[in-house]
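# Secondary and tertiary structure notes
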Amino acid sequence: MTIERSLSTETWRDPAAPATDRVQDLLARMTVREKIAQLSGLWVDVDTSRGAVAPHQHDFATPAAVWETLISEGVGQLTRPYGTAPVTPADGARALAASQHQIVAASRLGIPAIVHEECLTGLAAWQATVFPSPLCWGASFDPALVERMSAHIGRTMRRLGVHQGLAPVLDVVRDPRWGRTEETIGEDPYLVGTIGSGYVRGLESAGIIATLKHFAGYSASRAGRNMAPVSIGPRELADVLLPPFEMALRAGARSVMNSYTDLDGVPVAADASLLTGLLRDSFGFTGTVVADYFSVGFLHSLHGVAASRTSAAHLALHAGIDVELPMVDCYGDPLVSGIESGLIDTDLLDRAVERVLRQKCDLGLLDPGQPGEPGPTGPVDLDDPGSRTLARDLARRSIVLLRNEGVLPLAPGQRIAVVGPRADDPGAMLGCYSFPRHVGVHHPDIAFGIEVPTVLAALRADPAGYTISYAPGCPVLGGSDADIETAAHTARGADLCVAVLGDEAGLFGAGTSGEGCDAPDLHLPGRQGELLDALLDTGTPVVLILLVGRPYELSSQVDRLAAALCGFFPGEEGGTALADILSGRVNPSGHLPVSFPSAGATQPATYLAPRLGQRSDVSTIDPTPVFPFGHGLSYAPATWAGVTLTSPAQWPTDGTCHLSVTLHNPTSTPTAEVIQVYLHDPVAEVARPTQQLIAAPRVDLAPHQTRTAHITLHADLTSYTARSGRRQVDPGDVELRIGASSADIRATLPLTLTGPPRHPGPGRTLEPEITII
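The present account deals with the structure reproduced in this document. (Residues numbered from 1 in each chain as written. Predicted model: local features only at pLDDT ≥ 70, side-chain atom pairs only at ≥ 80, totals over all residues. Heavy atoms only, no water.)

## A word on the sheet that holds strand β21 (residues 692-695)
Filter applied, for reference: If DSSP finds at least two bridges between two strands, the strands pair. Helix numbering and strand numbering both begin at the N terminus, where a helix is a DSSP run of H or I of at least 4 residues and a strand a DSSP run of E of at least 2. Note on geometry: axes are C-alpha line fits, over the in-contact stretch for helices, and angles between N-to-C directions span 0 to 180 degrees.
Within the open sheet, the five strands sit side by side as β17-β27-β26-β20-β21. Their pairing is mixed. Each edge of the open sheet is held by one strand with a lone partner, namely β17 (650-652) and β21. For this sheet the average axis-to-axis angle between neighbouring strands, irrespective of direction, equals 40°. Sheet analysis places strand β20 (residues 676-680) next to β21, joined by three bridges and oriented antiparallel. Paired with Tyr 678 across the bridge in β21 is Leu 693.

## Observations regarding helix α19 (residues 484-492)
Condition: The classification of residues rests on relative accessible area computed with a 1.4 Å probe and restricted to protein chains. Under 20% of the type maximum is buried, over 50% is exposed, and intermediate values are partly exposed. Here the arc refers to the set of directions running from the helix axis out to each C-beta atom. Here, residues are in contact when the closest pair of their heavy atoms is within 4.5 Å.
Residues of α19 that are buried include every one of Ile 484, Ala 487, Ala 488, Thr 490 and Ala 491, and no others. Summarising the axial view, the buried residues of α19 lie within an arc of 155°, below the 170-degree limit, and thus occupy one face. Turned more than 90 degrees away from the buried face of α19, the exposed residues are Glu 485 and His 489. Along its buried surface, α19 packs onto β11 (415-419), β12 (467-471), β13 (496-502) and α20 (528-537).

## Describing the sheet that holds strand β5 (residues 209-215)
If you walk across this open sheet you meet the seven strands as β1-β2-β3-β4-β5-β6-β9, and the pairing is parallel. With partners counted over all chains shown, the strands left at the sheet margins are β1 (41-42) and β9 (288-290), one partner each. In this structure, strand β6 (residues 255-258) lies alongside β9, joined through three bridges in parallel fashion. Counterpart to Val 256 in the pairing with β9 is Val 289. Along the sheet, helix α11 (residues 272-282) makes contact with β5, β6 and β9, crossing β5 at roughly 130°.

## Structural notes on the nonpolar core
The cut-off we apply is this: Put simply, buried Ala, Val, Leu, Ile, Met, Phe, Trp, Tyr and Cys residues joined by side-chain atoms within 4.5 Å make one nonpolar core.
Among the nonpolar cores identified, the biggest contains 134 residues, and Phe 215, Tyr 331 and Leu 335 are the most heavily contacted of them. One finds Leu 501, Leu 524, Leu 536 and Leu 546 within the second-largest nonpolar core, a separate group that totals 37 residues.

## A closer look at the packing of aromatic side chains
Quick reminder of the rule: Any pair of Phe, Tyr and Trp rings, taking the six-membered ring for Trp, is counted once the centres come within 6.5 Å. Such a pair is stacked with planes under 30 degrees apart, edge-to-face with planes over 60 apart, and tilted for the rest.
Overall, the coordinates contain eleven aromatic pairs when judged by the stated rule. For the pair Trp 137 and Tyr 199, a centre-to-centre distance of 4.9 Å together with 15° between the ring planes defines the contact as stacked. Remark: Tyr 199 occurs in helix α8 (residues 189-205) and Trp 137 occurs in helix α6 (residues 134-140); sequence separation between them is 62 residues. Taken together, a centroid distance of 4.7 Å and an interplanar angle of 10° make the contact between Tyr 607 and Phe 629 stacked. In this pair, Tyr 607 is assigned in the loop between α21 (574-583) and β16 (639-645) and Phe 629 in the loop between α21 and β16, connecting sequence segments 22 residues apart. Members of the aromatic cluster, connected to one another through ring pairs, are Phe 141, Tyr 607, Phe 629 and Tyr 678.

## Focus on unusual backbone geometry
The linkage connecting Lys 213 with the following residue, His 214, adopts the cis geometry, with an omega of -5°. Structurally, His 214 is set in strand β5. For the bond running from Leu 325 to Pro 326, omega is 5°, close enough to zero to count as cis. In this structure, Asp 264 takes a positive phi of about 55° despite not being glycine. Along the chain, the position of Asp 264 falls in the loop between β7 (262-263) and β8 (266-267).

## Details of the pattern of salt bridges
Our working definition: When a carboxyl oxygen of Asp or Glu is within 4 Å of a side-chain nitrogen of Lys or Arg, the pair counts as a salt bridge.
In the structure shown here, the tally under the stated rule is 42 salt bridges. For Asp 533, the salt bridge goes to Arg 560, with nearest N and O atoms at 3.0 Å. Of this pair, Asp 533 sits in helix α20 while Arg 560 sits in the loop between β14 (542-547) and β15 (563-567); the two residues are 27 residues apart in sequence, bridging distant segments of the chain. Residue Asp 533 is classed as partly exposed on the basis of its relative accessible area, which comes to 26%. Through salt bridges with shared partners, a single network forms among Asp 383, Arg 388, Arg 392, Glu 572 and Glu 573.

## Considerations on α20
Within α20, burial applies to Gln 528, Gly 529, Leu 531, Leu 532, Leu 535 and Leu 536. The arc enclosing the buried residues of α20, seen along the axis, measures out at 160°, which places them on a common side. Just beyond α20, the residue with positive phi is Gly 539, at close to 90°.

## Some words on the side chain of Glu 183
Stated precisely, the cut-off is as follows: In protein, a polar contact requires one atom able to donate a hydrogen and another able to accept it; more generally it is a pair of N or O atoms within 3.5 Å, and residues adjacent in sequence count only if both atoms are side-chain atoms.
When you line up the elements, Glu 183 lands in the loop between β4 (164-165) and α8. For Glu 183, a relative accessible area of 1% puts it in the buried group. Within the structure, Glu 183 has its side chain in polar contact with the side chain of Arg 180 (distance 2.7 Å). The contacts of Glu 183, once residues within four sequence positions are left out, are Leu 120, Pro 134, Val 169, Cys 432, Tyr 433 and Glu 515.

## Re the environment of Ala 251
You can see Ala 251 is positioned in the loop between α10 (243-250) and β6. For the pair Ala 251 and Gly 202, spaced 49 residues apart in sequence, the C-alpha separation works out to 9.6 Å. With residues up to four places along the chain from it excluded, the contact list for Ala 251 reads Ser 197, Val 200 and Arg 201.

## Comments concerning the pairing of β15
In terms of residue burial, β15 counts as a mostly covered element, since five of its five residues are buried. Of the two faces of β15, the one carrying Ala 563, Leu 565 and Gly 567 and the one carrying Ala 564 and Cys 566 are both buried. Where β14 lies against β15, five bridges are found, and the strand directions are parallel. Residue pairing across strands places Leu 547 opposite Gly 567, the latter belonging to β15.

## Thoughts on the state of the cysteines
Among covalent bonds in proteins, the disulfide is the one between the sulfur atoms of two cysteines. Rules: Disulfides are defined as cysteine sulfur pairs within 2.5 Å.
In this structure the tally under the stated criterion is zero disulfides. Just so you know, Cys 566 is unpaired, no disulfide at all, and the nearest cysteine sulfur is the one on Cys 136, 8.0 Å from it.

## Things to note about the packing of helix α7 (residues 143-159) against helix α16 (residues 385-398)
For the record, the criterion: For this classification, under 35 degrees means roughly parallel, over 145 means roughly antiparallel, 65 to 115 means roughly perpendicular, and everything else is oblique. Here a crossing is taken to be left-handed if its near helix is turned anticlockwise relative to the far helix by less than a right angle, and right-handed if that turn runs clockwise. The classification used treats Ala, Val, Leu, Ile, Met, Phe, Trp, Tyr, Cys and Pro as nonpolar, Asp, Glu, Lys and Arg as charged, and all other residues, Gly among them, as polar.
In contact at an axis separation of 11 Å, α7 and α16 are set at 155° when each is read in the N-to-C sense. By the angle class used here, α7 and α16 are roughly antiparallel. In this structure, the crossing between α7 and α16 has a hand that is left-handed. In this structure, α7 uses Leu 145, Arg 148, Met 149 and His 152 to contact α16, whose residues at the interface are Ser 387, Leu 390, Asp 393, Leu 394 and Arg 397. Tallied by class, residues from the contact of α7 with α16 come to four nonpolar, two polar and three charged.

Note that every value here comes from positions in space, so none of it alone points to a role or purpose.
Right, here's the structure in full:
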């Protein structure tokens, strides 16, 4: 049924009217049910018979009611029309356009839905480019390149009718046993914030709403278990986990998604102090808060803080969750019941609806003529050469050379034994939120959709002319079909062995890394450690390639390795990028965004620890990493020509200091260095990390080039949460430690902060000013 409507006197339809006036005019015209319809999503094609892509999906994703009934009052969001099942981009676009036209025609007001999709490693759609995972973004230390990537992703989404992307993940790694480590950017809040902000700027520049995940505390769950309780104190929350969100909000993010966990017993989805008091009142956020999938219902079914779904709706709405995703549940009839009974104040309803309508207004969805054209008439290429080139560029800059005893680059024509369960599997390059690993695995009858060269295929095709032999050795998990002896025999007959080991990304137990795939310890999965030992025992030099979603413990093997490289699920061009680096055509330049642990793989730690969190005489456990945060080698390392403090050593507590770092490339090979500036504060009101990153410019150097980075640091960057609970800048002595990693310090600059203590507010300086000439 098509509803006739008059548009001539409706302010909300007038693009020339102020947005506030348009939203208020529309809000006044809406019934309670029309308002509530704007606060939830519809997940139309979800298949409850196949594998889950969200926690407890099969408990909550009940069969949908009749489509015409669902859309009769309007629709807030459409959930993953491309990312639920394999559909060609052109068919998906036409189906989405048809759905939007039906929504407009069926409801009295005719407001299109916001369409959201996952986009962590590219648009999660069949046949779309899979870019490197977020840990690769962190390893690149290149926010500008990440911004280029996300802008490209955003333009792809926009032309397919998508409005909102559920990325980036800004959780700071606290325990790498957590399966979702692969979705994070790293273990340092400054790195996560700067790289995440680059992603936000790119996505938003294309008109796509960036959604910050998961606010807040998710990554600090006990023992690295997904969705487990979080017991951190307010200082760790404020100083480690929140700064990336503050930075990304300033970059222009228009949506935030809540964390699943409870924080000191209070589920975030029901925590008004976080979602309203902190996020909106302190940080000044004005966009929408969307629920992580089913998290409103979890208040009733899992957390036990709501006696009914109506109560869950009340708690979430009061806390500040505006939109229930992925589908209507508590924000449907239970919310209607709560409003009609008087349990839920209509002001709470209007507050959320106003935010949703303002976002739709900004997107142009309230303008006449929406939703526009019916979709493309011909094929749509989502994995064109330009997309693949961008994916390859980021993969190359993200791969980390961990160790090299002179065997790399490989000599042309060598006899190479390629061994390991990740050597000839395209999925080894992809993280759990890539379409092939997230959805495609549940449709084994459907083609992969994109070309993903494996390490084995890339080396066989390499112009260096290697003679390649191959043996898998063992599976990623299990061992009944392992043939380690054959793998060792293959290695003995070669000049060099390339061992390709690591993770299989999956969801909820269907992999060794990914959402719901937490690890009991940090040993290599399955029998891969045994395989590596057997290869090392052959006497053939072994080059280890790790394709992983988290760091692993290699302390018993590392000193015997001829070389080691790490790619954190480097995407569809990862195999090609690795071959380029192994051959020497590309100089490795990635740096670790996470530390690799030492012996004792059940004792994970990050570099952000105070003195008693470091090695000490009062504990038998040594947390010193095998490979530290920021570590990364090069075939042609830059020369550090000078580190100079260019301002007085007296640093005002309300002022800035200035330093310069000069690098020189003495070789004929292009190279890069990441200048890592760490703050050491020896005396404070509370125990502080021994050092913490506050600047990290990446400097690219052409052959024989010299460049200087000029870095300006505001005293706000030394602030921390004091005993009072307020952020504070202390007068007193500090050090700036400048180096190539957190353990490779090239210069130390002592300074004294002078003046009274300061309490910088939410508008404090979060990043340095950097100029490279």
